[in-house]
Amino acid sequence: MSEKFDAIIIGAGQSGPFLAARLAGAGRKVALIEREHLGGTCVNDGCTPTKTLVASARAAWAARQAGAFGVVVKGPVTVDMKAVKARKDAVVGASVKSLTEWLGGLKTLEYIKGSGSFVSPSEVSVGKRVLTAPQIFINSGAAASVPDWPGLNEVSYLTNTSMMNLDTLPGHLIIAGASYIGLEFAQMYARFGAKVTVIERGARPASREDADISAAIRSILEAEGVTFLFNTTIEAVARAGHGVLLSLKSGERRASVEGSHLLLAMGRKPNTADLNLAAAGIATDERGYIPVDDHLRTKVKGIWAMGDINGRGAFTHTSYNDFEIVADNVVDGGKRSIHGRVPVYGLFIDPPLGRIGMRETEVRKSGRKALMAIMPMSRVSRAKERGETQGLMKVLVDAESRQILGAAILGIGGDEVVQSLLQLMAAGTPYTTMMHTMHIHPTVTELLPTLLADLKPLE
């Protein structure tokens, strides 16, 4: 016999728990299914733990730079990786505990530990139980992609998840992939004191970014001792003592590199394998994601897909925004959608990158008349005062409407500062409004009007 609920949520990432709480708060009987841990990637092995580690790495870096600021640190700066991990675990534990207690206090919500799998478009099995509901929401997230290199299964390797269990300093950390996750770990572990080599099959790091942003990112990390091997593929992996040996190919040249640890940072894949989507009548796209409309509805009536699983965003903030949209539609009877949602994200190296809207390459491809301005962070007083002048600020606007099309700020506070421009984009406000607004000195944001005053036609 099926157990009846008003709603079933599969997965407790950044959409599921909050939607469960909204539905339960509206008096609906809700089943929240999670096979691993509440909070998903963000809380357990993504944003929360990695940014906690980034903070520890920055503390080590700042201690080593102290002399430049007239501060004397006697003796070499060392890092206690067990203490670093303990701090990270404490921050993660507090977040999970808070989430668990909050959900546990909702009377019409049942949290079910297990793996949810469709039996029909309205039924989900969990262990020996079969649940049924007129509304089912999928929030099962994504996981690290693992390549099929020869020999990989015979060596120990790390992903962003297993990396969270590491409490020792690698002698030589090799990172496969120079995208966002790989770059954050590269700088982090270089600051902890490890030798770091990043292998990338493309020609530059963060290849989704414009070439000038990628070049600046490369410069920042290389200055801290990170070694990059670009246009290089990994052909095979083998054991080498207590570490790994990678066979490489770059053009016609073959080489090898040996390291103590190997981290795979080559993208993510959606967690659809165990859902038995066929039983629900749902087909995935060519990348394995569940197609949805602008209201996050699948093609099957009564089933929604939120977060990484739908391929419409791969960040905590996009997942949480998915929850807000679905809750508005399902609970409040509203009409919110992801139509027109401005792409926005950060790369949390130090200094960080904040990115909104269109890139220069996208604007050029669109053929529209546009203006662009670029300013090196070395012109920003706040950056000079802090001795952190790496990076640049870049903004693109529509030449006719004067509305902002996109921006990238790679520099101190870039992840926060760029959101001042985001608000103008969301409101459809012309950039001249910011130019005519007085800002606080000395800050990074105060240079945005100066940046905008230097806009020139995009040839």
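Residues numbered from 1 in each chain as written. Predicted model: local features only at pLDDT ≥ 70, side-chain atom pairs only at ≥ 80, totals over all residues. Heavy atoms only, no water.

Quick question: what am I supposed to make of the environment of Arg355 here?
Structurally, the position occupied by Arg355 is in strand β20 (residues 353-357). Residues Arg355 and Thr432, spaced 77 residues apart in sequence, show a C-alpha to C-alpha distance of 20 Å. Discounting chain neighbours no more than four positions away, the residues touching Arg355 are Glu209, Pro343, Val344, Tyr345, Ala407, Ala408 and Val418. (Helix = DSSP H or I, 4+ residues; strand = E, 2+ residues; numbered from the N terminus. Contact = heavy atoms within 4.5 Å.)

Please clarify how the pairing of strand β7 (residues 129-132) should be interpreted in this entry.
Within a regular strand, the side chains alternate between the two sheet faces. Pairing geometry for strand β1 (residues 3-4) and β7, over 2 bridges, is parallel. When the bridges of β7 are listed, Glu3 appears paired with Leu131. In this sheet, β7 lies alongside strand β6 (residues 123-126) in antiparallel orientation, the contact comprising 4 bridges. From the neighbouring strand, Glu123 faces β7, where its bridge partner is Thr132. (Pairing = 2+ DSSP bridges.)

What am I meant to see in a nonpolar patch on the surface here?
A cluster of nonpolar side chains, namely Phe69, Val71 and Val73, defines an oily patch on the protein surface of about 270 Å² accessible area. Structurally, Val73 can be placed in the loop between α3 (47-65) and α4 (81-104). (Patch = residues over 30% accessible without salt bridge, like charges linked within 9 Å, V, L, I, M, F, W, Y side chains within 5 Å. Areas by Shrake-Rupley, 256 points an atom, 1.4 Å probe, with all protein chains shown as cover. Salt bridge = Lys/Arg side-chain N within 4 Å of Asp/Glu carboxyl O.)

Mind showing me how you'd approach α4 here?
Spacing of three or four residues puts side chains on the same side of an α-helix, whose turn is 3.6 residues. Between its terminal C-alpha atoms α4 stretches 34 Å, which fits the 34 Å expected from 24 residues at 1.5 Å a residue. Turning to α4, its buried residues number three or more, namely Met81, Val84, Lys85, Lys88, Val92, Leu99 and Leu103. In this structure, the buried residues of α4 make contact with α1 (16-25), β3 (30-34), α2 (40-45), α3, β4 (109-113) and α5 (180-192). Between the side-chain oxygen of the N-cap and the backbone nitrogen of Lys82 there are 3.1 Å, and the N-cap of α4 in question is Asp80. (Expected span 1.5 Å × (residues − 1). Buried < 20%, exposed > 50% of the residue type's maximum accessible area, 1.4 Å probe, protein only. Polar contact = N/O pair within 3.5 Å; in protein donor to acceptor, adjacent residues only side chain to side chain.)

Help me understand the sheet that holds strand β14 (residues 243-250) in this model?
The strands making up a sheet associate through backbone hydrogen bonding, with each pair oriented either parallel or antiparallel. Strand order in the open sheet formed by 3 strands is β13-β14-β15, and the pairing between neighbours is antiparallel. The outermost strands of the open sheet, each flanked by one partner alone, are β13 (233-240) and β15 (253-259). Taken pair by pair, the neighbouring strands of this sheet meet at an average axis angle of 20°, ignoring direction. (Axes fitted to C-alpha atoms, helices over the stretch in contact; angles between N-to-C directions.)

Honestly, unusual backbone geometry in this entry has me stumped. Any pointers?
Glycine aside, a negative phi is what most residues show, and trans is what most peptide bonds show. Geometrically, the link from Asp350 to Pro351 is a cis peptide bond, its omega value of 5° lying close to zero. Position of Pro351 relative to the elements: it lies in the loop between β19 (344-347) and β20. With an omega of -5°, the peptide bond between His441 and Pro442 qualifies as cis. Checked against the element boundaries, Pro442 lands in the loop between α12 (432-435) and α13 (448-452). Within the chain, Ala206 stands out as a residue other than glycine whose phi angle is a positive 45°. Looking at where Ala206 falls in the secondary structure, it is placed in the loop between β11 (195-199) and α6 (211-222).

Sorry, what's going on with the pairing of β11 here?
For β11, a buried count of 4 out of 5 residues is recorded, marking the element as mostly surrounded by other parts of the structure. The sheet contact formed by strand β10 (residues 172-176) and β11 spans 5 bridges and is parallel. Residue His172 lies in a different strand from β11, and its bridge partner there is Lys195. Assessed by its sense of winding, the connection that carries the chain from β11 through α6 to strand β12 (residues 227-229) is right-handed. (Right-handed = clockwise from strand over helix to strand, strands pointing away.)

Would you take a moment to explain the packing of aromatic side chains for this structure?
To describe a pair of aromatic rings, one takes the distance between the centres and the angle between the planes. Under the defined criterion, the tally for this structure stands at 10 aromatic pairs. Look at Phe18 and Trp102: their rings are 5.5 Å apart centre to centre, the planes differ by 45°, and that puts the pair in the tilted class. A residue pair is termed long-range when its members are at least 10 positions apart, and Phe18 in helix α1 and Trp102 in helix α4 qualify at 84 residues. Each ring, one from Phe18 and one from Tyr320, has its centre 5.1 Å from the other, and the planes form 80°; the classification is edge-to-face. Within this pair, whereas Phe18 is found in helix α1, its partner Tyr320 is found in helix α8 (residues 316-330), the two being separated by 302 residues in sequence. Ring-pair connections join several aromatic residues into one group, and the members of that group are Phe18, Trp102, Tyr320 and Phe323. One residue, Lys29, lies across the ring of Phe5, its end atom 4.7 Å from the ring centre. (Phe/Tyr/Trp six-rings, centres within 6.5 Å; stacked < 30°, edge-to-face > 60°. Lys NZ or Arg CZ within 6 Å of the ring centre and 35° of its normal.)

Where do I start with the nonpolar core in this structure?
Within the largest apolar cluster, 48 residues are counted, with the highest numbers of intra-cluster contacts made by Ile8, Leu19, Phe118, Phe137 and Ile138. Discounting residues that sit within four places of it in the chain, Phe137 has contacts with Ala7, Ile8, Ile9, Ile10, Leu19, Leu23, Trp304, Met306, Val326 and Val330. By size, the runner-up hydrophobic cluster in this structure holds 41 residues, among which are Met163, Ala216, Leu263 and Ala408. (Core = buried A, V, L, I, M, F, W, Y, C linked by side-chain atoms within 4.5 Å.)

Where do I start with the sheet that holds strand β22 (residues 392-398) in this structure?
One open sheet accounts for 6 strands, arranged β19-β20-β23-β22-β21-β24; its pairing is antiparallel. Since the sheet does not close on itself, it has two edges, and those belong to β19 and β24 (456-457), each with one partner. As paired elements, strand β21 (residues 370-376) and β24 share 2 bridges and run antiparallel to each other. Bridge assignment links Leu371 to a residue of β24, and that residue is Pro457.

Would you mind going over the packing of α1 against α8 with me for this structure?
Two quantities define a packed helix pair, namely the angle between the axes and the distance from one axis to the other. In the contact formed by α1 and α8, the axes pass within 9 Å of each other and the chain directions differ by 20°. Our classification of the angle between α1 and α8 gives roughly parallel. Crossing of α1 against α8: the hand is right-handed. Along its contact with α1, which presents Phe18, Leu19, Arg22 and Leu23, the element α8 presents Tyr320, Phe323, Val326, Ala327 and Val330. By residue class, the composition of the contact of α1 with α8 is 8 nonpolar, no polar and 1 charged. (Parallel < 35°, antiparallel > 145°, perpendicular 65-115°, else oblique. Left-handed = near helix turned anticlockwise from the far one by under 90°. Nonpolar A, V, L, I, M, F, W, Y, C, P; charged D, E, K, R; others polar.)

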